[in-house]
Amino acid sequence: MRKWLVEPDFLVERDLDRCINCQVCVRQCANDVHYYDEEGELVASDSEHCVGCHRCATLCPTKAISIQEAPLQFRPNGNWTAERIRAVYKQAEGGGILLTAMGNDRPLPVLWDSLLLNASQVTNPSIDPLREPMELVTFLGRKPDRVKVSAAADGHVRLETQLGPQLRLQTPIMFSAMSYGSISYNASLSLARAAREAGTFANSGEGGLHRDFRPYADNMIVQVASGRFGVDVDYLNLAAAVEIKIGQGAKPGIGGHLPAEKVDAEISATRMIPERTDALSPAPHHDIYSIEDLRQLIFALKEATRYGKPVGVKISAVHNVAAIASGCVRAGADFVSIDGVRGGTGAAPTVIRDHVGIPIELALAAVDSRLREEGIRNQASIVAAGSFRSSGDVIKAIALGADAVYIGTAALVAMGCHLCQRCYTGKCNWGIATQDPTLTKRLNPDVGTRRLTNLLRGWSLEIKEMLGGMGINAIESLRGNREHLRGVGLGDRELNILGIKAAGE
Amino acid sequence: MTTTAQAGCVTLSARGKVYRELNEEIRRAFDGGAACVELHDVIGHRYIGCGLSGSGRIVVHGTPGNDMAAFMDGPEIVVHGNGQDAIANTMNRGRVVIHGEAGDVLGHSMRGGTILVRGSVGYRAGIHMKSFRDKRAEVVIGGAAGDYLGEYMAGGLMIVLGLGRLPGQPISGIYTATGMHGGKMILGDDIEEYRLGREVGKSDLDTADRDELQRFVEQYVAAFGGRVEDILNRHFVKLLPVSRRPYGRIYVY
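Residues numbered from 1 in each chain as written. Chains lettered and ligands numbered in written order. Predicted model: local features only at pLDDT ≥ 70, side-chain atom pairs only at ≥ 80, totals over all residues. Heavy atoms only, no water.

A. Molecular detail of helix 10 (residues 360-373) of chain A. Residue and element names in this part refer to chain A. An ideal rise of 1.5 Å per residue puts 20 Å on 14 residues; helix 10 measures up with 19 Å between its terminal C-alpha atoms. Every buried residue belonging to helix 10 is among Ile 360, Glu 361, Leu 362, Ala 363, Leu 364, Ala 365, Val 367, Asp 368 and Leu 371, and all of these are buried. Contacts made by the buried residues of helix 10 are with helix 8 (321-330), strand 18 (335-339), strand 20 (381-385), helix 11 (391-400) and helix 15 (492-498). One or two steps after helix 10, the chain reaches Gly 375, where phi turns positive at roughly 70 degrees. (Helix = DSSP H or I, 4+ residues; strand = E, 2+ residues; numbered from the N terminus. Expected span 1.5 Å × (residues − 1). Buried < 20%, exposed > 50% of the residue type's maximum accessible area, 1.4 Å probe, protein only. Contact = heavy atoms within 4.5 Å.)

B. Inspection of the sheet that holds strand 6 (residues 115-117) of chain A at higher detail. All names here are of chain A. Judged by pairing direction, the sheet is mixed, and its three strands sit side by side in the order 6-22-23 without closing on themselves. At either end of the open sheet lies a strand with only one pairing partner, and these are strand 6 and strand 23 (501-502). Bridging between strand 22 (residues 485-487) and strand 23 involves two bridges; their strand directions are parallel. The residue of strand 23 that forms the bridge with Gly 487 is Ala 502. Across the sheet, helix 11 lies against strand 6 and strand 22, angled at about 90 degrees from strand 6, the strand it touches most. (Pairing = 2+ DSSP bridges. Axes fitted to C-alpha atoms, helices over the stretch in contact; angles between N-to-C directions.)

C. Structural detail: helix 4 (residues 185-198) of chain A. Residue and element names in this part refer to chain A. Taking 1.5 Å per residue as the helical rise, helix 4 with its 14 residues ought to reach 20 Å, and the 20 Å between its terminal C-alpha atoms agrees with that figure. Within helix 4, ten of the 14 residues are buried, which leaves the element mostly enclosed by the surrounding structure. When we look at burial in helix 4, the residues that qualify are Asn 186, Ala 187, Ser 188, Leu 189, Ser 190, Leu 191, Ala 192, Ala 194, Ala 195 and Ala 198. For helix 4, the elements touching its buried residues are strand 11 (173-175), strand 12 (202-203), strand 13 (220-224), helix 12 (409-414), helix 13 (437-440) and helix 14 (445-469).

D. Quick peek at the side chain of Arg 486 of chain A. Following the sequence through the fold, Arg 486 of chain A ends up in strand 22. A distance of 3.0 Å separates a polar atom in the side chain of Arg 486 of chain A from the backbone oxygen of Glu 483 of chain A. (Polar contact = N/O pair within 3.5 Å; in protein donor to acceptor, adjacent residues only side chain to side chain.)

E. Inspection of the side chain of Ser 326 of chain A at higher detail. Structurally, Ser 326 of chain A can be placed in helix 8. When residues no more than four places from it in sequence are discounted, the contact partners of Ser 326 of chain A are Arg 370, Leu 371, Glu 374 and Ile 376 of chain A.

F. Here's a closer look at the pairing of strand 9 (residues 154-160) of chain B. All names here are of chain B. Among the seven residues of strand 9, six are classified as buried, and the element is accordingly described as predominantly covered. In this structure, strand 8 (residues 135-141) lies alongside strand 9, joined through four bridges in parallel fashion. Bridge assignment links Ile 141 to a residue of strand 9, and that residue is Val 160. Sheet analysis places strand 9 next to strand 10 (residues 182-187), joined by five bridges and oriented parallel. Within strand 10, the position partnered with Val 160 by the bridge is Leu 187.

G. Structural detail: the pattern of salt bridges. One pass over the full model with this rule turns up 48 salt bridges over all chains. In this structure, the salt-bridge partner of Lys 238 of chain B is Asp 209 of chain B, at a minimum N-O distance of 2.7 Å. Placement of the pair is Lys 238 of chain B in strand 12 (residues 237-241) and Asp 209 of chain B in helix 2 (residues 207-224), with a sequence separation of 29 residues. When sorted by exposure, Lys 238 of chain B lands in the same class as Asp 209 of chain B, which is buried. Residues joined by salt bridges that share partners form a network here, namely Asp 368, Arg 372, Arg 377, Asp 403, Glu 476, Arg 479 and Arg 482 of chain A. (Salt bridge = Lys/Arg side-chain N within 4 Å of Asp/Glu carboxyl O.)

H. Layout of the pairing of strand 3 (residues 57-63) of chain B. All names here are of chain B. With six bridges joining them, strand 2 (residues 36-43) and strand 3 adopt parallel strand pairing. Counted as the bridge partner of Val 37 is Ile 58 from strand 3. Examined bridge by bridge, strand 3 and strand 4 (residues 73-80) share five bridges and lie parallel to one another. Counted as the bridge partner of His 61 is His 80 from strand 4.

I. Structural context of the sheet that holds strand 13 of chain A. Residue and element names in this part refer to chain A. Ordered in space as 11-21-20-18-17-14-13-12, the eight strands form an open sheet in which the pairing is parallel. The outermost strands of the open sheet, each flanked by one partner alone, are strand 11 and strand 12. For strand 13 and strand 14 (residues 241-245), the ladder comprises four bridges, and the chain directions are parallel. Paired with Val 222 across the strands is Val 242, a residue of strand 14.

J. How the structure looks around the interface of chain B and chain A. Facing the 41 residues of chain B at the interface are 48 residues of chain A. In this assembly, chain B packs against chain A so that about 3,800 Å² is buried in total across both faces, 56% of it on carbon and sulfur atoms. If you sort the residues of chain B by the area they bury against chain A, Phe 71, Val 252 and Tyr 253 of chain B come out on top, with a joint share of 20%. If you look at where chain B meets chain A, you find two salt bridges. Residue Arg 306 of chain A pairs with Asp 31 of chain B through a salt bridge whose shortest N-O separation is 3.7 Å. At the boundary of chain B with chain A, the tally comes to 19 residue pairs in polar contact (both at pLDDT 80 or more). (Buried area = accessible area lost by both parts, 1.4 Å probe.)

Right under this line is the structure:
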């Protein structure tokens, strides 16, 4: 039904000279933009419901379809942009919270783009990673304050200190928490398989672990969130690590809500809640109202898993993130995941996604500095999250102090996501953020797995090239090594927080 | 109620032990084939029975610490004393019997199993309690409950008998059943509307409710003594969610 005053966001144009009326577009669009006009024996389009996902344009065999931003509908206004006016119309119409998905799309400054990396010239030779070993292996978990080694008679050196449980990553890139329910079975399966093939980890998110993904549990981190969905002792013990989800970058401070219509038989079994009931995640964990309470849950999880695996805490990057992260480490977290303001989501109130939290670059630098100052940086690994678009962003994060990063949006894009930001409608034409069987089958898990492993391979090769260029042969040597970063176009205050020099210094 | 050692029980003293040590000893006893472990001198030891599976029985003498029976999946724990906070946190299966009172956050997100508390409990009991297939969280509280009883409750059965209260003491605090969207609550006394969340409605018990209540009161009496008829003589009210979707219509897009 056409909403009063709300004009379409996009304009779908069909080149009638090219269109062969094959109806591929009609079948591909879950939003019913395209239809076959029986009378005129022609395929036609109604832009009204177009979300700009490009599924039709991409699959059109004759490239007859083009999608444009809807041409000017409002008098130009730098303050009252078309988007803001449309938002008011929608809320005046429906009287509710405006919902969106994916990461913050405001033009916030992306500080990765103001950071530049170093390379060797003349004085210390660069290393060619194609010919020389280049180590990307990363271990996540608590490291001891000091290590004791002993040398045996045969010259072998033995580590005497007993290390706590560690995750071994072949490359310092993991897949962010995305629950089965927010994404499809095939998308979840692709992530789990790709994590195993690439020697890294996928994260179950807060919706439990489907029985079919349990064979991949050695490469899965499972979440314990405020709703405790799908959490039982098997879930905890199968996984490689457990992550307590306190916050998410796209929606710091608020809970979540999987609507009943998405809770089908499989999702019900995975979340361990009845079919067709709402899955409400309260804003706080109701057993955590303090750092002491957080410690209590961390150690409950360690007890339940007999101290056999790392237990981490995921928080949103908010104003006091450094103090909060310090509290998490002191509470016993073996790793702290920090999700910045540009982090993605399957559904969040637009106003919160766009206005709450701080960028991961500043949060990461502040946390790493704070933990170093307090002499506890070794006690926990730091995982940075919140929009890594390329290996360049990843390597800069590691130089700022991250042990590893989580990628969510980049992984979805690898599987075909076009960032239309309509995950919450459940009508993802790319078969990713949907449970509709006619849509989910569009993502072949073999193809999804291959594309994800390809992405990780490509980024890892690039990281090795950049490391070699700096004359470094192990990612460990770059971690928190901010000498390898310089800032451009940043003020003293930002440079200071980032702990880096300006370019030219 | 007995405080003497039970036949076939492995007896452990918690004296001088930190919780990790004690809990490892409990696990070892069960792994070694014990059907029952009896703990003495428990003074605030946390995580007793945490993550424990199987069908063993733990008898606790003293005061166990927080998160007792957290994530527990099967065993029974009987406490001869008071319990502290977060008992049966996210419990999946099993039974917890407290011959005393219990602290805050009893049965948080519990999915299955039964808790019987002889006396009263603190704040936020049964918060986000659930049910799933053959599992149903069931809690019987003999005394009164603090604020936020059954908040966000998504399933299961919460019974508060309201026995032995002080004059004027309400059966449950404020924000009772706020955000409740599943399950059932039965209270052994009337409760003022202002103490209830907007998401629930109050009604009288029907025959099925009374039969169910009787079964649980029988369990309560079997564990703690008293007379079933005396308890059932009280005026009971039932709380049910008015909507399974309290927050279904708050978004636009």
